[in-house]
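Residue strings, one per chain:
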Amino acid sequence: MRKTMILTAAVLGTVSLKAQNFTVDKAHSSLGFIITHLKYSEMPGEFKSYDIKFTSSKDDFSDATVEMTGDVNSINTSNDGRDKHLKGPDFFDAEKNPQFKFKSTSFKKAGAIYKIVGDLTLHGVTKQVTLTATFRGKVTNPAMKTDVYVWKIGGKIKRSDFGIAPNMANDMVDDIVNLNANLELSKS
């Protein structure tokens, strides 16, 4: 009897520690940025083509990992001329650096938020950055009859740290870029 209980406990322990993968609902999610133009005007942009891998084995997500990749050529700022300029050598240089990548190395709960530390590769340069994530809640999608986990992730980087537009004056386009991701995830 004791062996059976130990075996059952071991199996249940293994099941509860199994990592859960989450899939992003791209129809209800976004991955983008905001940058200040001419000191005051905020210009938003987003990447239309991206992938996000989110995994966690704990219900409180304190051991989660997140990987984000995006196609620089899918940048959209609602202005074709600006999009072309951003894809060019003055900014992202999409021909030489067609993708950006972020891979978390740490995902820790800090009160009501999570601190995500990871490596961001942008414009061919990799730097460690810290992002903040807020778990906004779990809701059931009535149409799909599935649980949806809603997250907001954000952070700030300096474009100059990644060699983006090094000759652009900061009063023309600010050096600080606000990153943002609004995600709806479902267990896969």
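Not measured: the values here are computed from a predicted model.

Counting secondary structure elements, the protein contains two helices and eleven strands. Counting all 188 residues of the protein, 34% fall into the buried class. Expressed as a percentage of contacts within the protein between residues at least 6 apart in sequence, the contacts between residues at least 24 apart total 54%. Carbon and sulfur atoms make up 54% of the accessible area of the protein, which totals about 11,300 Å².

The biggest cluster of nonpolar side chains holds 41 residues, and the ones touching the most others in it are F54, F61, F92, F107 and W151. It is strand β11 (residues 173-187) that provides the largest number of residues to this core, a total of five residues. Ignoring anything within four residues of it in the chain, the contact list for F107 reads F54, F61, S62, D63, A64, V66, Y114, K115, I116 and W151.

Under the counting rule described, the total for this entry stands at 17 aromatic pairs. Ring geometry for F61 versus W151: centroids 5.1 Å apart, planes at 80°, classification edge-to-face. In this pair, F61 sits in the loop between β4 (50-56) and β5 (65-71) while W151 sits in strand β10 (residues 146-158), placing the two residues 90 residues apart along the sequence. According to the relative accessible area criterion, F61 is buried, its value standing at 5%. Judged by its relative accessible area of 1%, W151 falls in the buried class.

Tracing the backbone through its elements, the reader meets N97 in the loop between α2 (80-87) and β7 (99-110). Sequence separation between N97 and Y149 is 52 residues, and the spatial gap between their C-alpha atoms is 32 Å. In contact with N97, other than residues within four places in its own chain, are V72, F92, H123 and G124. Here the side chain of N97 touches G124 through a polar contact of 3.3 Å, landing on its backbone nitrogen.

Within the secondary structure, E184 is located in strand β11. According to the relative accessible area criterion, E184 is partly exposed, its value standing at 23%. A C-alpha to C-alpha distance of 9.1 Å links E184 and K152, two positions 32 residues apart in sequence. With sequence-adjacent residues up to four places away left out, E184 is seen in contact with T23, V24, D25, H28, S29, V148, Y149 and V150.

Attention now moves to the pattern of salt bridges. One pass over the structure, following the stated rule, counts two salt bridges. Here D147 ties to K138 by a salt bridge, and the two come within 3.8 Å at their closest N and O atoms. Classification of K138 by relative accessible area gives partly exposed; the value is 48%.

A few words now on the confidence of the model for the protein. Residues shown with low pLDDT carry predicted positions that ought not to be read at fine detail. When pLDDT is averaged across the protein, the result is 90; 91% of the residues are at 70 or more. When the criterion is pLDDT under 50, residues 7-16 qualifies, and its contacts beyond four places in sequence or with other chains add up to one contact.

About the criteria used
Residues numbered from 1 in each chain as written. Predicted model: local features only at pLDDT ≥ 70, side-chain atom pairs only at ≥ 80, totals over all residues. Heavy atoms only, no water. Helix = DSSP H or I, 4+ residues; strand = E, 2+ residues; numbered from the N terminus. Buried < 20%, exposed > 50% of the residue type's maximum accessible area, 1.4 Å probe, protein only. Contact = heavy atoms within 4.5 Å. Areas by Shrake-Rupley, 256 points an atom, 1.4 Å probe, with all protein chains shown as cover. Core = buried A, V, L, I, M, F, W, Y, C linked by side-chain atoms within 4.5 Å. Phe/Tyr/Trp six-rings, centres within 6.5 Å; stacked < 30°, edge-to-face > 60°. Polar contact = N/O pair within 3.5 Å; in protein donor to acceptor, adjacent residues only side chain to side chain. Salt bridge = Lys/Arg side-chain N within 4 Å of Asp/Glu carboxyl O. pLDDT = per-residue confidence, 0-100.

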